[in-house]
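Here are the chains, one letter per residue:
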Amino acid sequence: MLKKISFSNLGIGTWLIIIIQFIAFFTFFMFVPFISTYFVNQLEFSLAFVGTVLSLRIISQQGLMVFGGFLADRFGYKQLAVTGFVCRGIGFAGLGLTNQPILIIIAAILSGLGGAMFSPALKAALTMFTPPDRSKEAFSMMNMVENGGTVMGPLVGLFFKQEDFFIMCLISGFLFWLIGLIVLFLPNPPVLKRHSSWIQETFDIMRHKSFILLVVSLMPFHFIYQQLYLTFPIISEKVTGSSSWIFSFITINIILLQVPILHWFKNHNMKTIFTLPYIFIGLSLFILGYSEQLLPLIIVLVSISFGSMLLLPFFQNYVAEIAPKESLAAYFGFSNMAMGIGGSLGNLLGGVLYDLLKPEWFWTILSMICILPIIGVTRLKHINSKRIINKNVSIK
């Protein structure tokens, strides 16, 4: 019989990071929806320019996160996290302090660069602060609060208008600076000094075949998840007249079901964890292809919620288990390539394919994509969960 899941004794350091993640997600999603509307309607920039700004922010974060992980492993998790939050605060505040295109681009890149620094550092610190047998609970709780922030942020944003953009920038910048101050109260985890180069460490990570396979296998999920911003709202508007309920629906599912999901699947292996969500998502997308109605849409959203509850925290726990302690942040940074590549392709190709193809073909193709990670994971003979030890390290 499985033990009862409890979050009460995760530790002060772990809880501080979970609170930090909530504030970060809340602030981000409170502020970001205003960027496009303000720059287009108030400053009269073109959508192409706004799209470029948002793309540069994403690229500077997702593309550089592995380097942020390398830096965190070498200079300390707290140091990189504080620097990252200060950078994001400057970037968000800067967006409201100028109407010059080049300065807006610099501010956007700074905000993305901040995320590239603090995200892998915080996940590595969470791993260090959390007892190994409580890691799944910690990452599951983080998944819950991140989704809570994703929904609550835009709700608070409703109290502001486009004309309040300058105030929103200052509030958002201040909140990220405040998070940086909170990070200073985290305990100091030991920093293991590596004697190998960044290039050598990259090759070490690339040689870990089971890790790379799971990173690649997670990309289709993020491709499909991005359709929550692009194609699912089109169907929702068609069948309900609104799309604002989609993220609230998913978040409620995750908040209510994350703990039971963790309880039911805590002792399952990674093959099961990766196979089941893709089976459910693939079948639900196939059904949606033949009937773009409310019930099939709800089934798909429930399946995506299930995938988020199972894939994300369990994969992060897997990274925490197999990564060498001296390379924790680098592994977390590298693992984020699943979202960087999968999410980017979802943004770039999702809308294009939906416009070019008939709906039934579009959803059928997405359902077929789910077969690829299932084949990849099931063909892997053994997923290594044993921590790799590197002897070329010393305590700083």
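Conventions we followed
- Residues numbered from 1 in each chain as written.
- Predicted model: local features only at pLDDT ≥ 70, side-chain atom pairs only at ≥ 80, totals over all residues.
- Heavy atoms only, no water.
- Helix = DSSP H or I, 4+ residues; strand = E, 2+ residues; numbered from the N terminus.
- Phe/Tyr/Trp six-rings, centres within 6.5 Å; stacked < 30°, edge-to-face > 60°.
- Buried < 20%, exposed > 50% of the residue type's maximum accessible area, 1.4 Å probe, protein only.
- Salt bridge = Lys/Arg side-chain N within 4 Å of Asp/Glu carboxyl O.
- Expected span 1.5 Å × (residues − 1).
- Core = buried A, V, L, I, M, F, W, Y, C linked by side-chain atoms within 4.5 Å.
- Contact = heavy atoms within 4.5 Å.
- pLDDT = per-residue confidence, 0-100.
- Disulfide = S-S within 2.5 Å.
- Axes fitted to C-alpha atoms, helices over the stretch in contact; angles between N-to-C directions.
- Parallel < 35°, antiparallel > 145°, perpendicular 65-115°, else oblique.
- Left-handed = near helix turned anticlockwise from the far one by under 90°.
- Nonpolar A, V, L, I, M, F, W, Y, C, P; charged D, E, K, R; others polar.

**A word on unusual backbone geometry**
Item 1. Positive phi values are uncommon outside glycine, yet E44 reaches one of about 60 degrees.
Item 2. Relative to the helices and strands, E44 resides in the loop between α2 (33-42) and α3 (47-62).

**Concerning the packing of aromatic side chains**
Item 1. Under the criterion given, the structure shown has 29 aromatic pairs.
Item 2. Ring centres of F39 and F45 lie 6.1 Å apart, and the angle between their planes is 75 degrees; on these two criteria the pair is classed as edge-to-face. F45 carries the same exposure label as F39, and that label is buried.
Item 3. When the centroid spacing of 5.5 Å and the interplanar angle of 80 degrees are considered together, the rings of F280 and F306 count as edge-to-face. With F280 in helix α13 (residues 270-290) and F306 in helix α14 (residues 294-322), this residue pair connects regions lying 26 residues apart in the sequence.
Item 4. For F280, a relative accessible area of 40% corresponds to the partly exposed category.
Item 5. When its relative accessible area of 13% is taken as the criterion, F306 is described as buried.

**Regarding the environment of G351**
Item 1. Assignment of secondary structure puts G351 in helix α16 (residues 337-356).
Item 2. Along the sequence, G351 and L230 sit 121 residues apart, while their C-alpha atoms lie 6.3 Å from each other.

**Things to note about the pattern of salt bridges**
Item 1. The tally for this structure, following the rule as stated, stands at five salt bridges.
Item 2. One salt bridge in this structure joins R207 and D204, with 2.4 Å as the shortest N-O distance.
Item 3. Given the relative accessible area of 54%, R207 is considered exposed.
Item 4. Several salt bridges share partner residues, and in doing so they unite R134, E137 and K266 into one network.

**With respect to helix α10 (residues 209-225)**
Item 1. The first and last C-alpha atoms of α10 sit 25 Å apart over 17 residues, in line with the 24 Å expected at 1.5 Å per residue.
Item 2. Among the 17 residues in α10, 14 count as buried, and that is most of the element.

**Considering the nonpolar core**
Item 1. Ranked by internal contacts, the top residues of the largest apolar core, which has 112 residues, are F85, L95, F211, F232 and F274.
Item 2. A total of 15 residues in this core trace back to one element, the largest contributor, which is α14.
Item 3. Residues within four places of F274 in sequence aside, it is in contact with L214, S217, L218, L311, F315 and V377.

**Considering the confidence of the model for the protein chain**
Item 1. Taken residue by residue, the protein chain gives an average pLDDT of 86. The fraction at 70 or more is 91%.
Item 2. Of all the helices and strands in the protein chain, strand β2 (residues 393-395) carries the lowest mean pLDDT, 40, while helix α5 (residues 77-95) carries the highest, 95.
Item 3. Across residues 384-396, confidence stays below pLDDT 50; counting only partners more than four residues off in sequence or on other chains, it has 38 contacts.

**Examining the state of the cysteines**
Item 1. In total, this model carries zero disulfides according to the counting rule given.
Item 2. Residue C169 stays outside any disulfide, its sulfur separated by 17 Å from that of C87, the closest cysteine.

**Concerning the packing of helix α6 (residues 101-129) against helix α15 (residues 328-335)**
Item 1. Two numbers describe how α6 lies on α15: the axes approach to 8 Å, and their chain directions differ by 130 degrees. Looking at the two axes, α6 sits oblique to α15. Between α6 and α15 lies a crossing whose hand is right-handed. Contact residues: P120, K123, A124, T127 and M128 in α6; L328, A329, F332 and G333 in α15.
Item 2. Here the contact of α6 with α15 is built from residues that sort into six nonpolar, two polar and one charged.

**Regarding the packing of α13 against helix α18 (residues 371-379)**
Item 1. Closest axis-to-axis distance for the α13/α18 pair is 9 Å, and the angle between their directions is 160 degrees. Taken together, the axes of α13 and α18 are roughly antiparallel relative to one another. Once α13 is placed against α18, the crossing between them reads as left-handed. Contacts between α13 and α18 involve M270, K271, F274, T275, Y278 and I279 from the first element and P373, I374, V377 and T378 from the second.
Item 2. The residue inventory of the contact of α13 with α18, partitioned by class, reads seven nonpolar, two polar and one charged.

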